[in-house]
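Next come the chains, spelled out residue by residue.
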Amino acid sequence: AQSVTQLDSQVPVFEEAPVELRCNYSSSVSVYLFWYVQYPNQGLQLLLKYLSGSTLVKGINGFEAEFNKSQTSFHLRKPSVHISDTAEYFCAVSVPGGGNKLTFGTGTQLKVEL
Amino acid sequence: KAGVTQTPRYLIKTRGQQVTLSCSPISGHRSVSWYQQTPGQGLQFLFEYFSETQRNKGNFPGRFSGRQFSNSRSEMNVSTLELGDSALYLCASAEGPTNEKLFFGSGTQLSVL
């Protein structure tokens, strides 16, 4: 079975500051990794995903994440946040060939302040 | 293309009743998954259908069931509702059979009184 740990439930940050949202996973098999964002009263939207290849993955809205196999981490970063980035961010894993089933972390609420 | 459509948006039921939620995937998408989202448990996988076949099932009791029709539309049913079933139920569709980008609907907010 797979599990995902998001270490921070809330991250406050000032506008234009950099931010890192942490994600660690546990799995006995190789996994694919995803970050999704959920704005209030909406469904989830894919930010980026890692399937294979370069460990640095660039996504939408200026976000990027780095896969670190030895540390089983997939932290999300953005060099300069905007008020509109305020949302909940979910890290998730899936098993190659295992359908479209995702195992999600508990989420990190990013609050961008002026 | 239209996005994933879930109906109804809000639903209020009482304990013991049953409920059916509907999901229309993006045109051309053959995979439909369902997730339950609660403040305490977060996002939990319910089941996934691909071309009318259930391929994956989460750890939920048998009161939770689903199906997919030939046009890829999906329904999930919860029988004998319990207070703990109050949650946001999210549907997601994908084009291919595995590890695809999921497109989520806005969800159905179910309240059980």
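Just above sits the structure.
For clarity, every value in this text was computed on a predicted model and none was experimentally measured.

A. Molecular detail of the nonpolar core. Grouped together as the largest cluster of nonpolar side chains are 28 residues, with contacts concentrated most on L33(A), W35(A), L47(A), L48(A), F74(A), L76(A) and Y89(A). Mapped by element, the contributors of at least two residues to this core are β2 (10–14), β3 (19–21), β5 (32–38), β6 (44–50), β8 (64–68), β9 (73–78), β10 (87–94) and β12 (108–113) of chain A. Among the elements that line this core, the one with the most residues is β10(A), at four residues. Counting 21 residues, the second-largest nonpolar core is a separate cluster that includes V4(B), I26(B), Y49(B) and C91(B).

B. Just the pattern of salt bridges, in detail. All names here are of chain A. This structure, assessed with the given rule, holds 10 salt bridges over all chains. Of the charged contacts, one joins E20 and R77 as a salt bridge, the two residues approaching to 2.9 Å between their closest N and O atoms. In this pair, E20 sits in strand β3 while R77 sits in strand β9, placing the two residues 57 residues apart along the sequence. The exposure class assigned to R77 is partly exposed, which follows from its relative accessible area of 28%. In this structure, K78 engages D85 in a salt bridge whose closest nitrogen and oxygen atoms are separated by 2.8 Å. Members of the salt-bridge network, linked through shared partners, are E20, E66 and R77.

C. Quick peek at the side chain of Q37(B). Counting through the fold element by element, Q37(B) comes out in strand β4 (residues 31–38). Separated by 2.9 Å, the side chains of Q37(B) and Q38(A) make a polar contact. Ignoring anything within four residues of it in the chain, the contact list for Q37(B) reads Q38(A), F90(A), G42(B), L43(B), A87(B), L88(B) and L90(B).

D. Structural context of the interface of chain A and chain B. Listed per partner, the contact involves 21 residues of chain A and 23 residues of chain B. Together, the buried faces of chain A and chain B total about 1700 Å²; carbon and sulfur atoms form 51% of this surface. Between the two partners, chain A and chain B, sit zero salt bridges. Linking chain A to chain B there are 12 residue pairs in polar contact (both at pLDDT 80 or more). Of the residues forming the side of chain A that touches chain B, the biggest block, four residues, is contributed by β5(A).

E. Here's a closer look at the state of the cysteines. This structure, assessed with the given rule, holds two disulfides over all chains. Paired through a disulfide, C23(A) and C91(A) show a sulfur-sulfur distance of 2.0 Å. Since a negative S-S torsion denotes a left-handed disulfide, the C23(A)-C91(A) link at about -65° is left-handed. Of this pair, C23(A) sits in the loop between β3 and β4 (24–26) while C91(A) is found in strand β10, placing the two residues 68 residues apart along the sequence. The buried category is assigned to C23(A), whose relative accessible area is 0%. Put simply, C23(B) and C91(B) are joined by a disulfide, and their sulfur atoms are 1.8 Å apart. The chirality of the disulfide connecting C23(B) with C91(B) is left-handed, given an S-S dihedral of about -60°. Here C23(B), found in strand β3 (residues 19–24), pairs with C91(B), found in strand β9 (residues 87–94); they are 68 residues apart in sequence, far enough to count as distant. Judged by its relative accessible area of 0%, C23(B) falls in the buried class. Classification of C91(B) by relative accessible area gives buried; the value is 0%.

F. Representation of the pairing of β5(A). Residues and elements named next belong to chain A. With respect to burial, β5 is a largely interior element, seven of its seven residues being buried. In β5, alternate side chains face the same way, and those of Y32, F34, Y36 and Q38 on one face and L33, W35 and V37 on the other are all buried. Where β5 meets β10, seven bridges bridge the pair, whose relative direction is antiparallel. By the bridge assignment, L33 is partnered in β10 with V93.

Rules of the game
Residues numbered from 1 in each chain as written. Chains lettered and ligands numbered in written order. Predicted model: local features only at pLDDT ≥ 70, side-chain atom pairs only at ≥ 80, totals over all residues. Heavy atoms only, no water. Core = buried A, V, L, I, M, F, W, Y, C linked by side-chain atoms within 4.5 Å. Buried < 20%, exposed > 50% of the residue type's maximum accessible area, 1.4 Å probe, protein only. Helix = DSSP H or I, 4+ residues; strand = E, 2+ residues; numbered from the N terminus. Salt bridge = Lys/Arg side-chain N within 4 Å of Asp/Glu carboxyl O. Polar contact = N/O pair within 3.5 Å; in protein donor to acceptor, adjacent residues only side chain to side chain. Contact = heavy atoms within 4.5 Å. Buried area = accessible area lost by both parts, 1.4 Å probe. Disulfide = S-S within 2.5 Å. Pairing = 2+ DSSP bridges.

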